[in-house]
Amino acid sequence: MLRIPSALAGLALAALLQAQTPFPPAAPAPSPVPILKEYPDTPAGRLLREIKDHAEVVARVEYLSDVIGPRLTGSDRLRQAQAWAGAEMARLGAANIHEEAYDFGLAWTRGTDGARLLTHNGIRFRVDQQAWTPATRGAIQGELLLVDARNLAELLAFKGQLKGKILLRTNPDDKRPPLARRGADFAAYQAEQAAMTQFLQEEGALAALTMSGRKNGLGFASGGAGRDPQKAGLPAAYVPQEPYKMLLRLLARKEPVKLELTLGGAFSKAPVQAFNVVGELRGSERPDEVVLLGAHLDSWDLGTGATDNATGSAIVLEALRALQATGLKPKRTIRFVLFSGEEQGLLGSRAYVEAHRAELDAIQAVLIHDMGTGMVKGFTLQGREACRGPMAQAIAPLNDLGVKDLSLRVMGSTDHAPFDRAGVPAFAAIQEPADYFLGTHHSQMDYPDHLVPDQLVQGAQAMAVTAWELAEMPGRLPHGVNLRPPTGAVNPSAPR
Ligand SMILES: [Zn+2]
């Protein structure tokens, strides 16, 4: 047996270990979540301790993501998740558990997507069909053309050049001065989009590709604001930044670039209904007044919808669990709502507002969690300065946990927005971004691997205590449609 001197043996062993763990794990970033030294003997203090010691949020996110999976509205998997959520509410002792239905239109299911260069390096690369756009009916082949027209006027300049072409619609190196800001007339904006779609179809373009806007191979999912195949335009897809910029470089060589593209999504044969899941803890003194704690249960389908939005859904159920576990009986009713259709345009929360329009005055406040695993730092007041006082009171027990921020900022794009527009004090949680926007949001990266458990637990503490305090406080938060300055042709129901 060859004897190796000990020093050499040590070095060899280190090299061996290095070989086995080529990427030593990076030192974890210090958690921004403050540690509470003690819990006050108050209802809020009991809720904080109950959640710190017994939170089930991570397990619920893992169940929704790993066991049920992507929950596109209109899909069987979302129905499965809704049945599970209803059963969880029952297990946790909620009252008045029910589903509220609304008309959704045609459902859509993703098929097999793929792209392959037929010229140059012949590489295959990832494409993700834009949801609720037509399929390519098998593989189509066409030459690429950069069509970075931003409005109808610019698009008309391409007349006669589009037949049989696959269009690149994003120009990340666009040096042109930005277009004049539009008025707040969203209808005009929609009409122009429809005219552009019609022009592209009439000119015989085959498909449209958009850059996903994130690098590292990340795809992006969106679409479905319109669920009518007649108006769905061209087959369309997102392409991760790296292959997209490769296509642009090849086009810049002034050589024909040919692509084979397959987009396999399908519309359902018949329209479907979609549902919101509702349960509540009835108020002991003012049962007709309601604090609504909500999140959307639907998700996109490239990943498993862990941080968008199994996290928010798990937090809503955790608040229910902790309130029950501490035996707290709120004065006002606390209503737990898991919306659907959020990703297609806040459809579930808009339907809820319409269905409950006669009762909206009875809502004390709406709290929505929808920005992933990051800790809660405060709430957007949606321009409602008059709500700052009571909201500051509601989050006071959470200040030491890092919940202090009450920004007047007006944020749309999640389920508080339809309530806010109807004059109800409705606030979205402001959160640590973690790797939400640069990573998991609508991408194939959205798995529980990206959860930050202590931040998620803090989020559950923040939402449960704020809801409790709002249910207990003597005063009512003032309602009123907040007349805010118009800000460009904002799509009032663009999802986040
Ligand atoms: Zn979301």
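For clarity, every value in this text was computed on a predicted model and none was experimentally measured.

Reading the values: rules and limits
Residues numbered from 1 in each chain as written. Predicted model: local features only at pLDDT ≥ 70, side-chain atom pairs only at ≥ 80, totals over all residues. Heavy atoms only, no water. Buried < 20%, exposed > 50% of the residue type's maximum accessible area, 1.4 Å probe, protein only. Helix = DSSP H or I, 4+ residues; strand = E, 2+ residues; numbered from the N terminus. Pairing = 2+ DSSP bridges. Donors = N, O, S within 2.8 Å, 3.2 Å for Na, K, Ca; no water. Tetrahedral: all angles 85-135°; square planar, octahedral: opposite > 155°, others 65-115°. Phe/Tyr/Trp six-rings, centres within 6.5 Å; stacked < 30°, edge-to-face > 60°. Lys NZ or Arg CZ within 6 Å of the ring centre and 35° of its normal. Salt bridge = Lys/Arg side-chain N within 4 Å of Asp/Glu carboxyl O. Polar contact = N/O pair within 3.5 Å; in protein donor to acceptor, adjacent residues only side chain to side chain. Contact = heavy atoms within 4.5 Å. Domains from an automatic or database assignment. Buried area = accessible area lost by both parts, 1.4 Å probe. Nonpolar A, V, L, I, M, F, W, Y, C, P; charged D, E, K, R; others polar. 1 Å grid on protein atoms, 1.4 Å probe; cavity = no way out; pocket = protein on both sides within 12 Å on 5 of 7 lines; lining within 4 Å. Points joined across faces, edges and corners; volume = space filled by probe spheres on them. Expected span 1.5 Å × (residues − 1).

As a further point, take the pairing of strand E2 (residues 114-117). Only one face of E2 is covered, namely the one carrying Ala115 and Leu117; the face carrying Gly114 and Arg116 has none of its residues buried. Of the strand pairs in this sheet, E2 and strand E9 (residues 258-262) are connected by 4 bridges, and their pairing is antiparallel. Across the sheet, Leu117 pairs through a bridge with Leu259, a residue of E9. Bridge count for E2 against strand E3 (residues 124-125) is 2 bridges, and the pairing is antiparallel. Following the sheet pairing, Ala115 is matched in E3 by Phe125. Hairpin connection of E2 to E3: 6 residues between the antiparallel strands, including His120 at a positive phi of 55 degrees.

Ideal values differ by geometry: the angle at a metal is 109.5 degrees with four tetrahedral donors, but 90 or 180 degrees with six octahedral donors. Each protein donor to the zinc ion is listed here as His296 (NE2), Asp308 (OD), Asp370 (OD) and Asp370 (OD); together their distances run 1.9 to 2.7 Å. One way to put it: the 4 donor atoms around the zinc ion meet at angles of 51 to 145 degrees, and that makes the site irregular.

In this description, an aromatic ring pair is defined by two values, namely the gap between the centres and the angle between the planes. Enumeration according to the criterion identifies 9 aromatic pairs in this entry. When the centroid spacing of 5.3 Å and the interplanar angle of 20 degrees are considered together, the rings of Tyr63 and Trp84 count as stacked. With a gap of 21 residues between them, Tyr63 in helix H3 (residues 57-68) and Trp84 in helix H4 (residues 76-91) connect regions that are remote in the sequence. Plain terms: the ring middles of Phe339 and Tyr352 are 6.1 Å apart, the flat faces sit at 85 degrees to each other, and that makes the pair edge-to-face. Here Tyr352 lies in helix H9 (residues 347-355) and Phe339 lies in strand E12 (residues 332-339), a separation of 13 residues in the sequence. Tyr352 matches Phe339 in its accessibility class, with the two residues each being buried. Taken together, the ring pairs in this structure connect Phe104, Trp108, Trp132 and Trp300 into an aromatic cluster. Over the ring of Phe275 we find Arg79, and its NZ or CZ is 3.8 Å from the ring centre. Above the plane of the ring of Phe104 lies Arg227, whose end atom (NZ or CZ) is 4.7 Å from the centre.

Under the counting rule described, the total for this entry stands at 29 salt bridges. A salt bridge links Glu203 to Lys159, with the nearest nitrogen and oxygen atoms 2.6 Å apart. Placement of Glu203 in the loop between helix H6 (186-202) and strand E7 (207-211) and of Lys159 in the loop between helix H5 (152-156) and strand E6 (165-168) is noted, with a sequence separation of 44 residues between them. Among the salt bridges present, the one from Glu385 reaches Arg388, with a minimum N-O distance of 2.7 Å. We classify Glu385 as partly exposed; its relative accessible area is 41%.

A few words now on the side chain of Arg332. Here Arg332 shows up in strand E12. Of note is the side chain of Arg332, whose polar atom sits 2.6 Å from the side chain of Glu289. A distance of 3.1 Å separates a polar side-chain atom of Arg332 from the backbone oxygen of Pro474. Aside from chain neighbours lying at most four places away, what touches Arg332 is Leu281, Gly283, Arg286, Glu289, Gln364, Leu470, Ala471, Glu472, Met473, Pro474, Gly475 and Arg476.

Turning our attention to the domain arrangement of the chain. Each domain of the chain was delimited in the assignment, giving domain 1 (43-107 + 270-472) and domain 2 (111-174 + 183-264). Taking the mean C-alpha position of each, domain 1 and domain 2 sit 35 Å from one another. On the side of domain 2, 16 residues touch domain 1, which itself brings 21 residues to the contact. For the domain 1 and domain 2 pair, buried surface summed over both sides reaches about 1300 Å², with 58% attributable to carbon and sulfur atoms. Where domain 1 meets domain 2, there are 0 salt bridges. For the side of domain 1 that touches domain 2, the secondary structure elements donating two or more residues are strand E1 (95-109) and helix H12 (436-440). The dominant element in the side of domain 1 that touches domain 2, judged by the number of residues it contributes, is H12, at 5 residues. Here the residues of the side of domain 1 that touches domain 2 are counted per class, giving 11 nonpolar, 8 polar and 2 charged.

Cis geometry marks the peptide bond from Asp308 to Asn309, where omega comes out at 10 degrees. Examined against the element boundaries, Asn309 turns out to sit in helix H8 (residues 306-325). Phi at Leu346 takes a positive value of approximately 55 degrees, unusual for a residue other than glycine. When you line up the elements, Leu346 lands in the loop between E12 and H9. Judged by relative accessible area, which is 0%, Leu346 ranks as buried.

Position of Ser212 among the secondary structure elements: in the loop between E7 and strand E8 (236-239). On the basis of relative accessible area, Ser212 is assigned to the buried category, the value being 8%. Along the sequence, Ser212 and Ile166 sit 46 residues apart, while their C-alpha atoms lie 17 Å from each other. Apart from the residues within four sequence positions on either side, Ser212 is in contact with Leu218, Gly219, Phe220, Tyr238, Val239, Pro240 and Gln241. A polar side-chain atom of Ser212 sits 2.7 Å from the main-chain carbonyl oxygen of Leu218.

Moving on: empty space enclosed by the protein. Scanning the entire structure with this criterion turns up 1 cavity of 30 Å³ or more. Roughly 50 Å³ of volume is contained in the largest cavity. Of the residues assigned to the lining of the largest cavity, the class counts are 2 nonpolar, 4 polar and 4 charged.

Here the focus is H3. Across its 12 residues, H3 extends 16 Å between first and last C-alpha, which sits within 8% of the 16 Å expected from 1.5 Å per residue. In the segment just after H3, Gly69 is the residue with positive phi, at about 95 degrees.

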